[in-house]
Amino acid sequence: MLSDAFIGKFRTVVALSIVYCFGHFALAADHTWLGLLGGMALIAFGAGGIKPCVSAMVGDQFGARNQHLLARVYSWFYFSINLGSAFSTLLMPWLLEPYKAIPGPGGMPPGGYERFLERIHSPDVAFGIPGLFMMIATIVFWLGRKKFVHIPPSRQRFVAEFFNVDAFRASKGRPNQTLARRIAESLNRETLKILGNLLIPVPFVAMFWALWQQNFSSWVEQAVRMDRHLFNREWLPGQIQTVNPVFILLMLPLFSYIIYPMINRVFRLTPLRKIGAGLFLATFAFLIVGWIQTRIDSGQTPHIGWQLLAFVVLTAGETMVSPTHLEFAYTQAPRRLKSLVMCTYLLAISLGNQFTAVVNALIKGGELHLAGASYFFFFVIVMFITAFLFVFFARFYRGKTYIQDSGEALPA
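Residues numbered from 1 in each chain as written. Predicted model: local features only at pLDDT ≥ 70, side-chain atom pairs only at ≥ 80, totals over all residues. Heavy atoms only, no water.

Participant: An account of the overall build of the protein chain is requested, with residue identities and associated values reported.
Facilitator: On a plain count of helices and strands, the protein chain comes out with 16 helices and four strands. Along the three orthogonal principal directions, the C-alpha set of the protein chain runs to about 95 × 50 × 50 Å. Once local pairs closer than 6 in sequence are excluded, the contacts in the protein chain between residues at least 24 apart make up 76%. Summed over all atoms, the accessible surface of the protein chain reaches about 21900 Å², with 68% contributed by carbon and sulfur. Measuring between centres, the 35 positive side-chain charges of the protein chain sit 11 Å from its 20 negative side-chain charges. (Helix = DSSP H or I, 4+ residues; strand = E, 2+ residues; numbered from the N terminus. Contact = heavy atoms within 4.5 Å. Areas by Shrake-Rupley, 256 points an atom, 1.4 Å probe, with all protein chains shown as cover. Lys, Arg positive; Asp, Glu negative; His and termini not counted. Charge placed at Lys NZ, Arg CZ, Asp CG, Glu CD.)

Put into structure tokens, the structure is as follows:
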């Protein structure tokens, strides 16, 4: 709302990126629970302004003449996110882990290089480096201010997207007009209909994120009991998840330039069809980890390669769901509500996390009995039903595409 109604996307991103940087510096400077709480609060507040506005600003750079490139640009946008993710998931845990300097020959004190490594392995550096990188990124973003297409904030017209003030005033004094009825009749029904349509994919995509986020939790716990020897070394359970952003970097251009064009030759691959296919892929990925767990439950030690296969399938689903949902939210949003509507993408992620948290809480409290493979197969069933229902409801979606420099709404 701050972006769409008052100061615009660019200023919102710059201002809250600074807040984001301060969050990282707070984590680096204060290692108490208070520092953690304050730092994470600043990061959450900053991310709340950065994520929807940057995503919308990407779309603002494209108009009616080159809107066909939106799907690819959001794939590359998502590519850059995962490039940072792949880099950070390898470097930051390594820096956070204490480094033990090895004495030289004959018990001599460690050399300068060893002492340097010992000093940089600390929370100060591990949390400070992302803050420093974010500060550099903010400066580079600000330097490009004259290159970007800037959509001005709607200011007083923002209210008109939801509410007809003149109609409300005109209804004053009419017989049998209660305040509630005056408000109801003054609502902008067209905007409410658009927003209602945009919320349709949210609960379905939320279930995808409920499964996807578990590669940071239940999949790691599963990897503890697997044979993790690969490429002549034994990998830590928490390191296996690094393959997800790496696979994303490979799959995004593969899908954008090869797989999607091939499918489009057979039938039209709309954003909703991509999302539906991605939901079924997530189901299959959890079917694989469920099968792995059945082997673990029977006393076997399956190789980590099977979980890597599940990561391949899950990442393919992510490639079809996540950047597509970003593109869908942007193109279907009214021109003056782009940043606000991009929050529906983030809402889906949040709801997915909450669903998994509730399930785990019920298991812990004894209300739900899911252990071993049954835990994963529970999510397989839920995801399959979700995907099936999405395919059914998506058939009835009737939306419009809104591009910033076009005079009229284009049919979806």
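Participant: Summarise the packing of helix H10 (residues 201–212) against helix H15 (residues 338–365); cite the residues concerned and give the values.
Facilitator: Running from amino to carboxyl end, H10 crosses H15 at an angle of 55°, the nearest separation of the two axes being 7 Å. In terms of orientation, H10 and H15 fall into the oblique class. For the pair H10 and H15, the sense of crossing is right-handed. Together, Val 202, Val 205, Ala 206, Met 207, Trp 209 and Ala 210 of H10 and Thr 344, Tyr 345, Leu 347, Ala 348, Ile 349, Leu 351, Gly 352, Phe 355 and Thr 356 of H15 make up the contact between the two elements. When its residues are assigned to classes, the contact of H10 with H15 shows 12 nonpolar, three polar and no charged. (Axes fitted to C-alpha atoms, helices over the stretch in contact; angles between N-to-C directions. Parallel < 35°, antiparallel > 145°, perpendicular 65-115°, else oblique. Left-handed = near helix turned anticlockwise from the far one by under 90°. Nonpolar A, V, L, I, M, F, W, Y, C, P; charged D, E, K, R; others polar.)

Participant: For the packing of aromatic side chains, give the residues involved together with the corresponding values.
Facilitator: Under the defined criterion, the tally for this structure stands at 29 aromatic pairs. Of the aromatic side chains, those joined through ring pairs into one cluster are Trp 219, Phe 286, Phe 311, Phe 355, Tyr 375, Phe 376, Phe 378 and Phe 379. Note that Arg 233 overlies the ring of Trp 235, its terminal NZ or CZ placed 4.2 Å from the centroid. Residue placement shows Lys 274 over the ring face of Tyr 260; its charged tip is 4.1 Å from the ring centre. (Phe/Tyr/Trp six-rings, centres within 6.5 Å; stacked < 30°, edge-to-face > 60°. Lys NZ or Arg CZ within 6 Å of the ring centre and 35° of its normal.)

Participant: Account for helix H12 (residues 243–266), naming residues and giving values.
Facilitator: At Phe 255, H12 shows its maximal kink, close to 50°. Here H12 has its buried residues at Val 243, Asn 244, Pro 245, Phe 247, Ile 248, Leu 249, Met 251, Leu 252, Phe 255, Ser 256 and Tyr 260. Packed against the buried residues of H12 are helix H3 (70–96), H10, helix H13 (271–297) and helix H14 (305–332). (Bend = angle between axes of the 7 residues up to and from the residue. Buried < 20%, exposed > 50% of the residue type's maximum accessible area, 1.4 Å probe, protein only.)

Participant: Can you break down H15 residue by residue, with the values?
Facilitator: Relative to the 40 Å expected for 28 residues at 1.5 Å per residue, H15 spans 41 Å between its end C-alpha atoms, a close match to the ideal helical length. Considering bend angle alone, the principal kink of H15 is centred on Leu 346 and spans about 25°. Of the residues flanking the end of H15, it is Gly 366, one or two places downstream, whose phi is positive at about 90°. (Expected span 1.5 Å × (residues − 1).)

Participant: Any details on the nonpolar core? Residues and values, ideally.
Facilitator: Of all hydrophobic cores here, the largest spans 87 residues; its most connected members are Tyr 74, Leu 198, Trp 209, Trp 219, Leu 279 and Phe 286. When neighbours within four sequence positions are excluded, Trp 209 is seen to be in contact with Tyr 78, Ser 322, Tyr 345, Ala 348, Ile 349 and Gly 352. Formed by six residues, the second largest nonpolar core is a distinct cluster that contains Met 251, Phe 255, Tyr 260 and Met 320. (Core = buried A, V, L, I, M, F, W, Y, C linked by side-chain atoms within 4.5 Å.)

Participant: Lay out the side chain of Asn 197 with the relevant residues and their values.
Facilitator: Structurally, Asn 197 is set in helix H9 (residues 189–198). Classification of Asn 197 as buried rests on a relative accessible area of 16%. If we skip the residues at most four places from it in the chain, Asn 197 touches Tyr 397 and Arg 398.

Participant: An account of the pattern of salt bridges is needed here, citing residue identities and associated values.
Facilitator: If you walk through the whole model with that rule in mind, you get three salt bridges. Among the salt bridges present, the one from Lys 9 reaches Asp 60, with a minimum N-O distance of 2.8 Å. With Lys 9 in helix H1 (residues 2–29) and Asp 60 in helix H2 (residues 33–60), this pair connects stretches of sequence that are 51 residues apart. The burial state of Lys 9 is the same as that of Asp 60; both residues are buried. The salt bridge involving Glu 234 is made with Arg 228; its shortest N-O contact spans 3.4 Å. Looking at Glu 234, the relative accessible area reads 45%, which means it is partly exposed. For Arg 228, a relative accessible area of 11% gives the class buried. (Salt bridge = Lys/Arg side-chain N within 4 Å of Asp/Glu carboxyl O.)

Participant: Can you tell me about the packing of H3 against H14, naming the residues and giving the values?
Facilitator: Running from amino to carboxyl end, H3 crosses H14 at an angle of 120°, the nearest separation of the two axes being 9 Å. Judged by the inter-axis angle, H3 sits oblique to H14. When the axes of H3 and H14 are compared, the crossing they make is right-handed. Mapping the contact onto sequence places Leu 70, Ala 71, Tyr 74, Ser 75, Phe 77, Tyr 78 and Asn 82 in H3 and Glu 318, Ser 322, Pro 323, Leu 326, Glu 327, Tyr 330 and Thr 331 in H14. Looking at the contact of H3 with H14 residue by residue, the class counts come to eight nonpolar, four polar and two charged.

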